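Analysis of the macromolecular model
What follows is the residue order along each chain.
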Amino acid sequence: MGALLIKVNRVSDRSALRQQMRLRRQQITFNEQQRISQQIAERVCSSALFQQSAHIAAYSANAGEIDPAPIVQAAWQLKKKVYLPVLQAGKKLCFVEYKQHDSLVVNQYQILEPVLTPEKMIAAEKLDLVLVPLVAFDQQGNRLGMGSGYYDSTFAFLQEITRPSKPYLLGLAYEWQCCASTFSEAWDVKLDAAVTENIVIPNKNSVLYI
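Let us look at the structure shown here. (Residues numbered from 1 in each chain as written. Predicted model: local features only at pLDDT ≥ 70, side-chain atom pairs only at ≥ 80, totals over all residues. Heavy atoms only, no water.)

Notes on the overall build of the protein chain
As a reminder, the rule being used: What counts as a helix is a DSSP run of H or I of at least four residues, what counts as a strand is a run of E of at least two, and both are numbered from the N terminus. Within these notes, the globule rule equals 2.2 Å times the number of residues to the 0.38 power, and the radius of gyration is based on C-alpha atoms. In this scheme, a residue with accessible area under 20% of its type's maximum is buried, one over 50% is exposed, and one in between is partly exposed, where area comes from a 1.4 Å probe on protein chains only. Every accessible area reported is derived by Shrake-Rupley at a probe size of 1.4 Å, with residue values counting cover from the shown protein chains alone.
Counting its secondary structure elements, the protein chain contains 5 helices and 12 strands. Radius of gyration (C-alpha) of the protein chain: 16 Å, near the 17 Å computed for a compact globule of 210 residues. With respect to the three principal axes, the spread of C-alpha positions in the protein chain is 45 × 35 × 35 Å. Counting the 210 residues in the protein chain, one finds 50% classified as buried. When the accessible surface of the protein chain is split by element, carbon and sulfur atoms take 50% of a total near 10,400 Å².

Things to note about the pairing of strand 2 (residues 81-88)
The condition that has to hold: Only strands that DSSP links by at least two bridges are regarded as paired with each other. A crossover counts as right-handed when, viewed with the strands pointing away from the observer, the path leading from the first strand over the helix to the second turns clockwise.
Taken across its 8 residues, strand 2 has 6 buried, putting it largely inside the fold. Inspection of the sheet shows strand 1 (residues 55-57) paired to strand 2 by 3 bridges, in the parallel sense. Residue pairing for strand 2: His55 is matched across the bridge by Lys81. Once you follow strand 1 into helix 4 (residues 69-77) and on to strand 2, the crossover reads as right-handed. Judged from the 6 bridges that link them, strand 2 and strand 3 (residues 92-97) form a sheet pairing that is antiparallel. Paired with Leu87 across the two strands is Leu93, which belongs to strand 3. Connecting strand 2 to the antiparallel partner strand 3 that follows it, the hairpin turn spans 3 residues, and Gly90 within it adopts a positive phi of roughly 80 degrees.

A word on the sheet that holds strand 1
Selection rule: By definition, residues are in contact when any of their heavy atoms lie within 4.5 Å. Here, axes are lines fitted to C-alpha atoms. For helices the fit covers the stretch in contact, and angles between N-to-C directions go from 0 to 180 degrees.
Read from one edge of the open sheet, 8 strands run 6-3-2-1-7-10-11-12, paired in mixed fashion. The strands lining the two open edges of the sheet, one partner per strand, are strand 6 (121-122) and strand 12 (200-202). The pairing of strand 11 (residues 193-195) with strand 12 spans 3 bridges and is classified as antiparallel. Residue pairing in the sheet places Ala193 in a bridge with Pro202 of strand 12. Relative to the sheet, helix 4 contacts strand 1, strand 2, strand 7 (129-132) and strand 10 (168-172), its axis offset from that of strand 2 by approximately 130 degrees.

Details of the pairing of strand 7
Of the two faces of strand 7, both are covered, the one formed by Leu129 and Leu131 as well as the one formed by Val130 and Val132. Note that strand 1 and strand 7 share 2 bridges and pair parallel. By the bridge assignment for strand 7, Ala57 is matched with Val130.

Pasting the structure below:
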């Protein structure tokens, strides 16, 4: 597969893994981030998953994360609706439609988000595809995020015995972010797949759809 499987010792090292991976991500140069983000965008935008998705949630890249901006641009060109997350109380996200030239504001984590406009919101259950940022992931579909739990709280409904067919949670990652384990907890919502500059890594319990 070629992915770098970074090994850590025990569940107690979950925070250490997060710190290690964040430090490495912060060392990514802007040019490298943009180059790899473009490679990932080409892979995503050529997929049936992207082509068949009408409502797509993205995010504002921060601290070296894979930048979904090329995917957003492609979605706009195809007249798809794009949404960005807005932080809410109770560790929840709401998704607000994002159009070209819309103003963005800085939230408490210094991340850009749309102005909360109720008539432009969509329920998380109605999204087709969600592009998910991450700090690390493993081959079982587990994702290590920044530690605030917003995505896990928002998409907890996907933990049902029979997982709904949508939204499809697609992690965008550098290949080196693939780890032997992320020390997942019961409340962690799994990705359906993660896509890197070289490969797509599906959750082994999910149907590959990209």
